Structure formats: structure tokens, C-alpha cells
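The lines below spell out each chain.
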Amino acid sequence: MRDRIDLDIGALPDLPHDVRSSDLGEHHIVAVARAGTSYAKDPLTVARFAEIPHVTVSRRGRMHSVVDEVLAAQNLSRRVLATVPTASAACFFALESDVLALVSSEFAVRAAAAMPLVVMDIPLDLPTVRLSQAWHLRLDADPAHRWLRETVARIVRQSAPNSAPDQATSVSG
């Protein structure tokens with residue numbers, strides 16, 4: 001992040017001492033699918049959700065998540081075909097194939113407004129995900145970067161009623 005990334009947005013792990021962050025709030029995960037697929041027409045049941053191939057979002061390539069743990073508690077499992085680094089990539093993957101992409105509800109609604117995707121509730125009791133934005137301390141006082149952070153926070157607040165206020169915090173690693 002120090003040399004290559006200006007702003008990182010996501011469910012961020014512990015960050016080093018020279019990285020600042022601001023909370024973007026709690027977000028629910030939903031499934032998106034290409035409009036017109038047979039399973040996009042009816043609400044998902046737990047069994048159908050587990051049967052349909054999935055694409056997950058993980059910058060570290062993790063194919064196992066809390067979704068798998070919740071399914072395992074019901075003696076079910078799912079097949080993850082791919083993991084991609086961003087929600088955008090997951091939505092494009094779903095757009096071109098018969099898979100479910102799991103992304104935040106706020107992102108899903110915006111993606112479905114721009115692409116022929118259907119947003120579906122996941123029929124599992126999943127925890128919410130806390131999203132943040134993070135940047136290197138060297139960018140903290142930069143006016144253009146401050147504008148970018150404020151714009152991101154404003155857009156997230158407008159699309160997510162339970163988002164947190166834009167407060168920067170120092171994170172120690």
C-alpha cells in the first residue's frame with residue numbers, strides 16, 4: 001500500500017502504523033446473478049443456494065469463508081469456482097456465466113442498475129461485514145486525496161443508511 005495503492009476499500013485486516021483509515025459502516029452480503037438464468041427468477045432456498053456455483057471476492061484468494069461455515073452447520077457445502085479480487089470482477093464474472101457472485105448489498109444494487117444482474121437475498125444468517133477505506137499517512141493532508149476520501153464516504157453513506165460517519169482513525173499494526 002505504501003507505494004502502489006492510493007486508497008484501499010474493503011473489509012480490511014489489521015493495518016500498519018503508517019496507514020490511516022476511516023470506517024464506511026456495516027454491509028450485508030447478497031448474491032447477484034445474470035438476469036435470465038433459471039435460478040434468478042425465484043427466491044433462493046438454502047439448498048439451491050448451496051447447489052449453484054459461486055464466485056467469491058478475496059484479494060488473498062481465499063475460497064473458504066463464513067458462508068461455508070454456516071452451510072456446514074446445516075450439513076451442506078457449496079462449490080466455489082473462482083475467487084476474484086474485487087466486487088466489480090465478481091459481478092462481471094456473474095454477468096458472463098451461470099454463477100452467484102457474493103458482494104455487498106450496496107454494491108450489488110448499483111451494479112444491477114448498470115448491468116443485467118439480479119440481486120438476491122442469501123437465505124442464511126450471515127454476519128455483516130465492516131468496510132473501511134485506508135490510505136498511507138503521506139496522503140493524509142493532500143487536498144485531492146482528501147476530496148477522494150470524502151467523496152467515497154459520501155457515496156457510501158448515500159447508498160447505505162447504516163454507514164458510519166466519516167471519521168479517520170490511526171490504525172496500529
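Our structure's up above, just so we're on the same page.
What counts, and at which threshold
Residues numbered from 1 in each chain as written. Predicted model: local features only at pLDDT ≥ 70, side-chain atom pairs only at ≥ 80, totals over all residues. Heavy atoms only, no water. Buried < 20%, exposed > 50% of the residue type's maximum accessible area, 1.4 Å probe, protein only. Helix = DSSP H or I, 4+ residues; strand = E, 2+ residues; numbered from the N terminus. Pairing = 2+ DSSP bridges. Axes fitted to C-alpha atoms, helices over the stretch in contact; angles between N-to-C directions. Core = buried A, V, L, I, M, F, W, Y, C linked by side-chain atoms within 4.5 Å. Contact = heavy atoms within 4.5 Å.

1. Looking at the pairing of strand 8 (residues 129–136)
Okay, so step 1: Of all 8 residues in strand 8, 6 are buried; the element is thus mostly enclosed.
Okay, so step 2: In this sheet, strand 8 lies alongside strand 1 (residues 8–10) in antiparallel orientation, the contact comprising 3 bridges. In the strand pairing of strand 8, G10 is matched with S132.

2. Brief notes about the sheet that holds strand 7 (residues 117–120)
Okay, so step 1: Taken in spatial order, the 5 strands line up as 5-4-6-3-7 in an open sheet, and their pairing is mixed. Edge positions in the open sheet fall to strand 5 (80–84) and strand 7, since each of these has one partner strand only. On average, adjacent strands in this sheet sit at an angle of 30° to one another, irrespective of strand direction.
Okay, so step 2: Here strand 4 (residues 54–57) pairs with strand 5 via 4 bridges, running parallel. Note that in strand 5 the partner of T56 across the bridge is T83.

3. What about the nonpolar core?
Okay, so step 1: L44, F49, V67, L71, L100, I122 and L124 are the most contacted members of the largest nonpolar core, which totals 18 residues.
Okay, so step 2: Every element with two or more residues in this core is listed here: strand 3 (29–34), helix 1 (46–51), helix 2 (66–72) and strand 6 (100–104).
Okay, so step 3: If we ignore the near neighbours within four places in the chain, the residues touching L100 are A31, V32, A33, Y39, L44, F49, I52, P53, H54, V55 and M120.
Okay, so step 4: By size, the runner-up hydrophobic cluster in this structure holds 15 residues, among which are A94, V99, V103 and A111.

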